Each structure stands twice: as C-alpha cells, then as structure tokens.
Amino acid sequence: AQTVTQSQPEMSVQEAETVTLSCTYDTSESDYYLFWYKQPPSRQMILVIRQEAYKQQNATENRFSVNFQKAAKSFSLKISDSQLGDAAMYFCAYSNYGGSQGNLIFGKGTKLSVKP
Amino acid sequence: DTEVTQTPKHLVMGMTNKKSLKCEQHMGHRAMYWYKQKAKKPPELMFVYSYEKLSINESVPSRFSPECPNSSLLNLHLHALQPEDSALYLCASSQVSGGRYEQYFGPGTRLTVT
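Quantities reported herein were computed from a predicted structural model and do not represent experimental measurements.

Caption draft 1: View of the overall build of chain B. Within chain B one finds zero helices and 11 strands. Taken over the C-alpha trace, chain B has a radius of gyration of 14 Å; the compact-globule value for 114 residues is 13 Å, and the two agree within 12%. For chain B, buried positions account for 47% of its 114 residues. Taking the contacts inside chain B whose residues are at least 6 apart along the sequence as the reference set, 54% of them involve residues at least 24 apart. For chain B, the exposed surface amounts to about 5600 Å²; the carbon and sulfur share of it is 50%. Within chain B, the 10 negative side-chain charges are centred at a point lying 6 Å from the centre of the 13 positive side-chain charges.

Caption draft 2: Looking closely at the sheet that holds strand β8 (residues 73-79) of chain B. Residue and element names in this part refer to chain B. Within the open sheet, the four strands sit side by side as β1-β3-β8-β7. Their pairing is antiparallel. A single partner strand is all that each edge strand has here, and the edge strands are β1 (4-7) and β7 (64-70). Across the sheet, the mean angle from the axis of one strand to that of its neighbour is 20 degrees, orientation sign disregarded. Where β7 lies against β8, five bridges are found, and the strand directions are antiparallel. In the sheet register, Pro66 faces β8, and the bridge partner there is Leu76.

Caption draft 3: Representation of the pattern of salt bridges within the structure. Residues and elements named next belong to chain A. Evaluated as defined, the whole model comprises five salt bridges over all chains. Its salt-bridge partner being Lys73, residue Asp26 comes within 3.4 Å of it at the nearest N-O pair. In this pair, Asp26 is assigned in strand β4 (residues 24-26) and Lys73 in the loop between β8 (64-69) and β9 (74-79), connecting sequence segments 47 residues apart. Classification of Asp26 by relative accessible area gives partly exposed; the value is 39%. According to the relative accessible area criterion, Lys73 is partly exposed, its value standing at 25%. Close ionic contact of Lys55 with Glu52 constitutes a salt bridge, the shortest N to O distance being 3.8 Å. According to the relative accessible area criterion, Lys55 is partly exposed, its value standing at 34%. Judged by relative accessible area, which is 4%, Glu52 ranks as buried.

Caption draft 4: Highlighting the state of the cysteines. In total, this model carries two disulfides over all chains according to the counting rule given. Across the disulfide, Cys23 of chain A is cross-linked to Cys92 of chain A (sulfur-sulfur distance 2.0 Å). When the S-S torsion is -70 degrees, as for the bridge of Cys23 of chain A with Cys92 of chain A, the disulfide is left-handed. Pair noted here: Cys23 of chain A is in the loop between β3 (19-21) and β4 and Cys92 of chain A is in strand β10 (residues 88-95), with a separation of 69 residues, a long-range link. Neither residue differs from the other here; Cys23 of chain A and Cys92 of chain A are each classed as buried. Between the sulfur atoms of Cys23 of chain B and its disulfide partner Cys91 of chain B the distance amounts to 1.8 Å. Taking the torsion about the sulfur-sulfur bond, which here is approximately -75 degrees, the covalent link between Cys23 of chain B and Cys91 of chain B counts as left-handed. Of the two residues, Cys23 of chain B sits in strand β3 (residues 18-25) while Cys91 of chain B sits in strand β9 (residues 87-97), which places them 68 residues apart along the sequence. Left unpaired, Cys68 of chain B is separated from the closest cysteine sulfur, that of Cys23 of chain B, by 9.4 Å. Among the residues examined, Cys68 of chain B registers a relative accessible area of 24% and is labelled partly exposed.

Caption draft 5: Molecular detail of the environment of Ala31 of chain B. Residue and element names in this part refer to chain B. Here Ala31 shows up in strand β4 (residues 31-37). A relative accessible area of 0% means that Ala31 is categorised as buried. Separated by 19 residues in sequence, Ala31 and Val12 place their C-alpha atoms 28 Å apart.

Caption draft 6: Expanded view of the pairing of strand β6 (residues 53-56) of chain B. Residues and elements named next belong to chain B. Pairing of strand β5 (residues 44-50) with β6, which is carried by four bridges, proceeds in the antiparallel orientation. Its bridge partner lying in β6, Ser50 is registered against Lys53. In textbook terms, the turn of a hairpin is the stretch between consecutive antiparallel strands, and for β5 and β6 this stretch comprises two residues, one of which, Tyr51, has a positive phi near 50 degrees.

Caption draft 7: Geometry of the packing of aromatic side chains. Taken as a whole, this structure holds 16 aromatic pairs over all chains when the rule is applied. Through a chain of ring-to-ring contacts, three or more aromatic side chains come together here, namely Tyr33, Phe35, Tyr37, Phe91 and Phe106 of chain A together with Tyr33, Tyr35, Tyr101 and Phe105 of chain B.

Reading the values: the criteria
- Residues numbered from 1 in each chain as written.
- Chains lettered and ligands numbered in written order.
- Predicted model: local features only at pLDDT ≥ 70, side-chain atom pairs only at ≥ 80, totals over all residues.
- Heavy atoms only, no water.
- Helix = DSSP H or I, 4+ residues; strand = E, 2+ residues; numbered from the N terminus.
- Rg over C-alpha atoms; globule rule 2.2 N^0.38 Å.
- Buried < 20%, exposed > 50% of the residue type's maximum accessible area, 1.4 Å probe, protein only.
- Contact = heavy atoms within 4.5 Å.
- Areas by Shrake-Rupley, 256 points an atom, 1.4 Å probe, with all protein chains shown as cover.
- Lys, Arg positive; Asp, Glu negative; His and termini not counted.
- Charge placed at Lys NZ, Arg CZ, Asp CG, Glu CD.
- Pairing = 2+ DSSP bridges.
- Axes fitted to C-alpha atoms, helices over the stretch in contact; angles between N-to-C directions.
- Salt bridge = Lys/Arg side-chain N within 4 Å of Asp/Glu carboxyl O.
- Disulfide = S-S within 2.5 Å.
- Phe/Tyr/Trp six-rings, centres within 6.5 Å; stacked < 30°, edge-to-face > 60°.

It is worth stressing that arrangement in space is one thing and function is another; only the former is reported here.
This is the structure we're talking about:
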C-alpha cells in the first residue's frame with residue numbers, strides 16, 4: 001500500500017523568507033503523480049503544484065517549487081518570498097491514477113505560520 | 001475554469017433526519033470523489049465515481065449513500081447519522097490529459113450532527 005509521510009507537523013517562516021516543507025512517500029509503482037495542496041482556515045483545498053513521476057524536471061509555479069527525488073521517494077515544497085497569505089495547512093498527496101480510481105493519498109499535513 | 005461547487009456550505013441535522021449534499025463540476029471530468037475530513041486531519045476517501053463506476057471505501061457506514069445522476073453531478077445522501085459523522089465533506093473531480101493528472105476540490109460542506 002502507498003503511504004505519504006510529512007514529518008513536520010508545524011513550521012514557521014518570516015515574511016519574505018524561504019521555507020521548505022518535507023514529504024516522503026512509499027510506493028512500488030513507477031508511474032504516479034505527486035501534489036502539494038494548501039488548505040487555509042477558510043477550508044478550501046487548493047492545488048499548489050503537481051509533479052508527474054515520469055518527469056525528471058522539478059515543477060515550479062511562481063514562488064512555489066518542488067525538489068523531486070524519485071529514487072529517494074522524496075518530494076519537498078519550497079516557498080520563496082513567503083507572504084502572509086501563505087499561512088495554511090499544507091498537504092502532500094500521492095495518486096496512482098493508472099492503477100486505481102485516482103483517489104489521493106494524503107500525508108498528515110504541515111501547518112505553516114508566517115510571521116510579519 | 002477549475003471550479004467544483006458544493007451545496008450547502010453548512011448543514012446541521014438531527015440523527016433522525018435525511019439530507020443530501022450536492023456537488024457539481026463543469027470541467028468534463030469523468031471521475032468524482034467524496035472525502036471526509038475531521039478537524040486537523042487529512043481528507044479520507046469515501047467514494048469514487050469513475051466513468052460511471054462506483055468504488056466504495058469499505059469502512060464507510062451504510063448511512064452514507066452516493067448517487068451520480070450524470071457525469072457532472074455527485075450527491076451524497078445522509079440518513080440516521082451519528083454525532084461522530086460531524087466533519088467537513090469535500091467533493092473533488094479529476095482528469096488525466098496529455099500525461100497530466102489534476103484533482104480539484106470544492107469548498108466543502110461543514111456538517112454538524114446533533
């Protein structure tokens with residue numbers, strides 16, 4: 001069975017600084033997808049960034065980038081120039097769409113606080 | 001447009017009530033999901049409709065029953081719920097296109113069972 005582990009229950013960053021959230025996963029599949037979702041207190045789950053396992057190039061979306069290490073099964077999220085609006089719960093998620101119905105397997109989440 | 005809509009936003013119901021949660025997407029996605037999320041926990045999958053085929057998380061009690069009237073709509077019928085069923089219920093839809101896989105969530109329905 002696939003599992004996703006986020007080892008940092010809480011993180012804090014100063015506004016305008018950079019922070020990295022960690023995620024590891026376990027799977028025996030070769031094709032899969034990885035995601036970071038953001039959930040503010042307003043509760044909407046927002047897709048931040050996605051990574052296809054077959055792509056070697058790390059995904060980037062504006063201030064958000066990932067460090068995808070397939071052999072190490074590691075998928076960390078780097079947030080640059082942190083803003084107050086980045087404060088939220090961040091979930092790392094895995095999906096093996098080809099072999100299942102595409103449901104997401106989530107880590108337990110990392111609560112990010114941004115200090116002004 | 002990556003919008004998934006859910007109604008109602010909030011629902012309070014007694015243990016003897018029957019109610020329904022609704023979810024809609026117009027992105028042409030062929031898979032839709034119901035997740036349950038307790039406070040400070042990640043979402044847990046309840047049901048998947050993928051190409052009109054239903055898959056069930058076997059741990060979900062029968063007092064929850066999904067319905068997929070068409071590929072854009074997903075309902076969750078609630079009957080005789082328990083207080084421990086109080087949670088945020090999230091709907092999502094997904095697609096694979098050109099090797100890219102995406103899953104988008106609705107804003108959720110906050111359910112309180114009294």
